[in-house]
Amino acid sequence: MRVGFGYDVHKLVEDRKLILGGVTIPYEKGLLGHSDADVLTHALMDALLGAAALGDIGAHFPDTDRAYQDADSLKLLEKVKELLEEKLLFVNNIDLTIIAQAPKVLPYLEEMKNKIIKVLGIEKSQINIKATTEEGLGFTGTKEGIKATAIVSLEEAYEMSYKAADSEESKCSGCGGCPKNA
């Protein structure tokens, strides 16, 4: 099993859409960034790349490359998924946190979860998204920005095959030929 951690932060500014987890949230400000500035998806991508020892999103999608100007972060997440699959790595679990004083994002968490599930091809039981404030403290508390954290675990394909084999053995008919019945 491999574990990765991701963190991202962006400043709130006027005349930008606020996109979190691929969901556009109605708010007077949006996040400033080269792409769509989706801090939640960016933190997730960094965690996935870190767990796979593949660097970070800046190495794969540099902000100096015009190809990523205003890019949809869910499309970039699809590319990260492809990189993981090339290494035969698959998502085991994702835990995400949005840190923002405003806007309130609770009504949008389920939609964010569904969008990420669709891109990564995972089950609902493999992802958790939560939100919190910093009680008025720091730049998120004064509504100057939003940050997000991500922790992920990945499994290698061979680990998954061992689990499947163990599962099949546990369904043994009791013939006495396997170690579980010895």
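The preceding data block contains the structure.
In this text the structure is predicted, and so the values were computed from the model without any measurement.

Caption draft 1: Examining the sheet that holds strand β5 (residues 89-99) more closely. Across the sheet, which stays open at both edges, the five strands sit in the order β4-β1-β7-β5-β6 with mixed pairing between neighbours. Every other strand in the sheet has two partners, leaving β4 (30-31) and β6 (127-132) as the edge strands with one partner each. Bridging between strand β1 (residues 2-13) and strand β7 (residues 145-156) involves 10 bridges; their strand directions are antiparallel. Counted as the bridge partner of G4 is V152 from β7. Where helix α1 (residues 39-51) meets the sheet, its contacts fall on β1, β4, β5, β6 and β7, and the angle it forms with β1 comes to roughly 155°. In this fold helix α4 (residues 109-120) packs onto β5 and β6, with an angle of close to 145° to the strand it touches most, β6.

Caption draft 2: Geometry of the packing of aromatic side chains. Scanning all chains against the criterion turns up one aromatic pair. Between F61 and Y68, the aromatic rings sit 5.3 Å apart at their centres with planes inclined by 80°, giving edge-to-face as the arrangement. For the pair shown, F61 and Y68 are each scored as buried.

Caption draft 3: Expanded view of the pairing of β6. In the sheet, β5 pairs with β6 via six bridges, with the strands oriented parallel. Paired with I98 across the strands is A131, a residue of β6. One crossover worth recording links β5 to the parallel β6 by way of α4, and it is right-handed.

Caption draft 4: Structural detail: the side chain of K113. Counting through the fold element by element, K113 comes out in helix α4. Although buried, K113 forms no salt bridge, and the nearest oppositely charged side chain, E110, lies 4.2 Å from it. Those residues within four positions of K113 in sequence are excluded, and the remaining contacts are K124, I127 and I129.

Caption draft 5: Spotlight on the nonpolar core. Grouped together as the largest cluster of nonpolar side chains are 47 residues, with contacts concentrated most on L20, L48, I98, M112 and L120. Listed by contribution, the elements that provide at least two residues to this core are β2 (18-20), β3 (23-25), α1, α3 (73-86), β5, α4, β6 and β7. The leading source of residues in this core is α1, at nine residues. Sequence-distant contacts of M112, that is, excluding residues within four places in its chain, are made with L20, G21, V23, I25, L40, I98, V105 and I129.

Caption draft 6: Layout of unusual backbone geometry. Here the residue pair A102 and P103 is connected by a cis peptide bond, since its omega of 0° sits within 30 degrees of zero. For P103, the position within the fold is in the loop between β5 and α4. Positive phi, normally seen in glycine, also occurs at D70, with a value near 60°. Mapping D70 onto the fold places it in the loop between α2 (57-60) and α3. Positive phi values are uncommon outside glycine, yet K143 reaches one of about 65°. Mapped onto the elements of the fold, K143 is located in the loop between α5 (138-141) and β7.

The rules behind the values
- Residues numbered from 1 in each chain as written.
- Predicted model: local features only at pLDDT ≥ 70, side-chain atom pairs only at ≥ 80, totals over all residues.
- Heavy atoms only, no water.
- Pairing = 2+ DSSP bridges.
- Helix = DSSP H or I, 4+ residues; strand = E, 2+ residues; numbered from the N terminus.
- Contact = heavy atoms within 4.5 Å.
- Axes fitted to C-alpha atoms, helices over the stretch in contact; angles between N-to-C directions.
- Phe/Tyr/Trp six-rings, centres within 6.5 Å; stacked < 30°, edge-to-face > 60°.
- Buried < 20%, exposed > 50% of the residue type's maximum accessible area, 1.4 Å probe, protein only.
- Right-handed = clockwise from strand over helix to strand, strands pointing away.
- Lys, Arg positive; Asp, Glu negative; His and termini not counted.
- Salt bridge = Lys/Arg side-chain N within 4 Å of Asp/Glu carboxyl O.
- Core = buried A, V, L, I, M, F, W, Y, C linked by side-chain atoms within 4.5 Å.

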